[in-house]
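Here is how the chains run, residue by residue.
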Amino acid sequence: MRVALITYEYPPDTADGGIATYAVQTARMLAGRGHHVEVFAGIREGSSQRNDSGAIIHRLYIDNRATFSKAVAPVFASRHSQVGFDVLEGPDFEAEAAGACELVPDVPLVVRLHTPACLIEGIEAASAPFRWRCRRRIASAMRGHRPPWHPLHKSHDAERRHMLSADEVVAPSRSMAAWVQRAWGVPAERTTCIPNPFVPSPKLLQIPIESETNIVTYVGRLELRKGVVDLAEAIPKVLRRFPSTIFRFVGRPLSSPRPRMQMDEYLRDRLARFLGSVRIEGPVDPEEIAGVLANTDVCVFPSRFESFGMAAVEGMAAGRGVVCTAGTGLEEVVAGGRCGLLVPPRNPAELAKAICYLLEHPAERMVLGRVAREHVLNAFSWESVGTVQEASYHRAIDRRRGRPLSASAARRAGRAAADVAGLPA
């Protein structure tokens, strides 16, 4: 197959999060399985074209990510006229492949779910003060609008319509698939669940399972959705039982519950009495993650919602004991609790108990680490994921070819369906 991936995020130039990790793993997986793969990605300085393990990478400079979809479209269309791509894949975020579909409406489209913007906004709104939510609801109603975090708010139209026009929607977890089916009316027959592919680096696999560092590490963006505030509330409870424990927050800070305050500053203020036991660090280069994980006993991923959780997969590959939240994609990543401990989201007391258990029972923690590493090597391997991903692409191609409407008419029909799908006002 000739596969095109459109994604602003792609290492190393725009390695901003899980989308980037997914994109590079997928490009290398497909190229390694004999497919022709071209990636159309962003870059923050200049432009370039190069190869990455057999995949051709086109880099396009964009000073504002929101304009990437339109800017990349003519570049993709030009290459499509030469290559004739069989299928195009793009992320849900910012509907980054939508511009390409406008110029090349006949290309079969696969939309890969990560986390829609309205879901993130909904989680943040649910954590905001009740009076603030009421004011926003009233103000929106007076203008004849839904509140900004509602799945059918006009600010989310681009992502929603793009997804509903796709030939195949792929979710990395059942919880993510269920959300888009419920909130945006994505048909179940066009939705499939495929875990993200992940082949650990040799550095991760060389980390000894045995560890005794007394360090508990969180890796990921410092944001409300990721549960870092819940972890901050759990830290004093753990330190009362294990006062020599060190907690590390590794990741890029975003906004906090306090206006005009970044999350790293918020955490330092919230944990001011415990800063001798807390290290709030910035983001690290992907190549440095193995060093971070080698110097830890327990990895904590307390997300209030997570579609998958690539950072947790890296922690499992390193053989660490992991604590994750139930009812999210993380529960599926740890095989329902077989490869790590599960706690309810937004429950600092249970989170503290789980951390204490792994600190108190190192032998059991190491058993979990061994099981977790083996699970990553089997469940997320290119062999396991590649076959089902190829089948997903073939379904998208067959649907596009088998539709009675023309491709452009089908896309318009998808947009019309988007206008009436989803939740009630």
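Residues numbered from 1 in each chain as written. Predicted model: local features only at pLDDT ≥ 70, side-chain atom pairs only at ≥ 80, totals over all residues. Heavy atoms only, no water.

1. Quick look at the overall build of the chain
Note the threshold: We count a stretch as a helix when DSSP gives it H or I for four or more residues in a row; a strand needs E for two or more, and each element gets its number in order from the N terminus. Only C-alpha atoms enter the radius of gyration, while the globule expectation follows 2.2 Å times N to the 0.38, with N the number of residues. A simple rule labels every residue: compare its accessible area, found with a 1.4 Å probe on the protein chains alone, to the largest value its type can have, and call it buried under 20%, exposed over 50%, or partly exposed in between.
What the chain contains, in helices and strands, is 17 helices and 14 strands. In terms of overall dimensions, the chain is globule-like: its C-alpha atoms have a radius of gyration of 22 Å, near the 22 Å expected for 425 residues. If you line up the chain on its principal axes, its C-alpha atoms span 65 × 55 × 40 Å. Across the 425 residues that make up the chain, the buried fraction comes to 56%.

2. What to know about the sheet that holds strand E11 (residues 278-281)
The following threshold applies: For two strands to be treated as a pair, DSSP must find at least two bridges joining them. Fitted lines through C-alpha atoms serve as axes, helices being fitted only where they are in contact, and the angles separating the N-to-C directions of these axes extend from 0 to 180 degrees. Throughout, a residue-residue contact means that at least one pair of heavy atoms, one from each residue, lies within 4.5 Å.
As summarised here, the arrangement of the six strands in space is E11-E10-E9-E12-E13-E14, forming an open sheet in which the pairing is parallel. Looking along the sheet, the strands with just one partner apiece sit at the ends: E11 and strand E14 (341-343). Taken over all neighbouring pairs, the strand axes of this sheet differ in orientation by 20° on average, direction set aside. In the packing of helix H9 (residues 228-241) onto the sheet, the strands contacted are strand E9 (215-219), strand E10 (246-250), E11 and strand E12 (298-301), and the crossing angle to E10 comes to about 170°.

3. Quick notes on the pairing of strand E2 (residues 36-43)
Put simply, the rule reads: If you view a crossover with the strands going away from you and the path from the first strand over the helix to the second runs clockwise, you call it right-handed.
The buried count for E2 comes to seven of eight residues, which makes it a mostly enclosed element. Taken together, the five bridges between strand E1 (residues 2-6) and E2 define a ladder with parallel strand orientation. Looking across to E2, one finds that Ala4 is bridged to Glu38. Once the chain exits E1 it traverses helix H1 (residues 18-32) before rejoining the sheet at E2, and the crossover so formed is right-handed. Taken together, the six bridges between E2 and strand E4 (residues 55-61) define a ladder with parallel strand orientation. The residue of E4 that forms the bridge with Ile43 is Tyr61.

4. A short note on the packing of aromatic side chains
Here is the rule we go by: Any Phe, Tyr or Trp ring, taking Trp's six-membered ring, that has another such ring centre within 6.5 Å forms a pair; planes under 30 degrees apart are called stacked, those over 60 apart edge-to-face, and the others tilted.
If you walk through the whole model with that rule in mind, you get seven aromatic pairs. Where Tyr8 meets Phe68, the ring centres are 5.6 Å apart and the plane angle is 80°; that geometry is what we call edge-to-face. In this pair, Tyr8 sits in the loop between E1 and H1 while Phe68 sits in helix H2 (residues 68-83), placing the two residues 60 residues apart along the sequence. No difference in accessibility class separates Tyr8 from Phe68, as the two residues are buried. On the basis of an interplanar angle of 80° and a centroid distance of 5.6 Å, the ring pair of Phe40 and Phe76 is categorised as edge-to-face. One end of the pair, Phe40, is in strand E2; the other, Phe76, is in helix H2, and 36 residues separate them in sequence. In this structure Phe76 comes out as buried when scored by relative accessible area, which is 0%. Members of the aromatic cluster, connected to one another through ring pairs, are Phe40, Phe76 and Phe85.

5. Here we look at the environment of Gly17
Mapped onto the fold, Gly17 is located in the loop between E1 and H1. In this structure the C-alpha to C-alpha distance between Gly17 and Ala311, which are 294 residues apart in sequence, comes to 9.2 Å. Dropping the residues within four chain positions of it, Gly17 is found in contact with Glu9 and Arg221.

6. Topic: the pattern of salt bridges
Where we set the bar: The term salt bridge refers to a side-chain nitrogen of Lys or Arg lying within 4 Å of a carboxyl oxygen of Asp or Glu.
Enumeration over the complete set of coordinates arrives at 26 salt bridges. Asp52 is the partner of Arg28 in a salt bridge, and the nearest nitrogen-oxygen pair spans 3.0 Å. Here Arg28, found in helix H1, pairs with Asp52, found in strand E3 (residues 48-52); they are 24 residues apart in sequence, far enough to count as distant. Note that Glu350 and Lys353 form a salt bridge whose closest N and O atoms lie 3.4 Å from each other. Linking Glu350 with Lys353, this pair stays in helix H14 (residues 348-360), spanning three residues, or about one helical turn. Look at the salt bridges and you will find they share partners, linking Arg221, Glu223, Arg225, Lys226 and Glu306 into a network.

7. So, the nonpolar core
Keep this limit in mind: Here, nonpolar core refers to any group of buried Ala, Val, Leu, Ile, Met, Phe, Trp, Tyr and Cys residues whose side-chain atoms link them within 4.5 Å.
Counting residues in each nonpolar core, the largest one holds 37 residues, and the members touching the most others are Ile6, Phe76, Leu88, Met163, Met176, Trp179 and Trp184. Every element with two or more residues in this core is listed here: E1, H2, helix H3 (98-103), strand E6 (109-112), helix H4 (117-126), helix H6 (157-164), strand E7 (168-171) and helix H7 (174-184). For Ile6, the contacting residues outside a window of four places in its chain are Phe40, Phe68, Val72, Phe76, Leu88, Glu89, Gly90, Pro91, Glu96, Ala97 and Ala100.

8. Comments concerning the sheet that holds E1
What holds strands together in a sheet is hydrogen bonding between their backbones, with the strands either parallel or antiparallel. Pairing within the open sheet is mixed, and its eight strands lie in the order E3-E4-E2-E1-E5-E6-E7-E8. The open sheet has two edge strands with one neighbour each: E3 and strand E8 (191-193). The sheet shows a mean angle of 25° between the axes of neighbouring strands, direction not considered. Sheet strands in contact with H2 are E1, E2, E4 and strand E5 (87-91), and its direction is about 155° off that of E2.

9. A word on the confidence of the model for the chain
Put simply, the rule reads: Every residue gets a pLDDT, meaning the predictor's confidence in that residue, from 0 to 100.
Per-residue pLDDT for the chain averages 90, and the proportion of residues at 70 or more is 94%. Across residues 404-425, where pLDDT falls below 50, the model places 41 contacts with residues more than four positions away in sequence or in other chains.

10. Focus on the packing of H14 against helix H15 (residues 362-379)
What counts, and what does not: Any angle between 65 and 115 degrees counts as roughly perpendicular, while under 35 counts as roughly parallel, over 145 as roughly antiparallel, and the rest as oblique. Residues are grouped as follows: Ala, Val, Leu, Ile, Met, Phe, Trp, Tyr, Cys and Pro are nonpolar; Asp, Glu, Lys and Arg are charged; all remaining types, including Gly, are polar.
The interhelical angle for the contact between H14 and H15, taken along N-to-C directions, is 100°, at an axis separation of 5 Å. What the angle tells us is that H14 and H15 run roughly perpendicular. In this structure, H14 uses Tyr357, Leu358, Leu359 and Glu360 to contact H15, whose residues at the interface are Pro362, Glu364, Arg365 and Leu368. The class makeup of the residues in the contact of H14 with H15 is five nonpolar, no polar and three charged.

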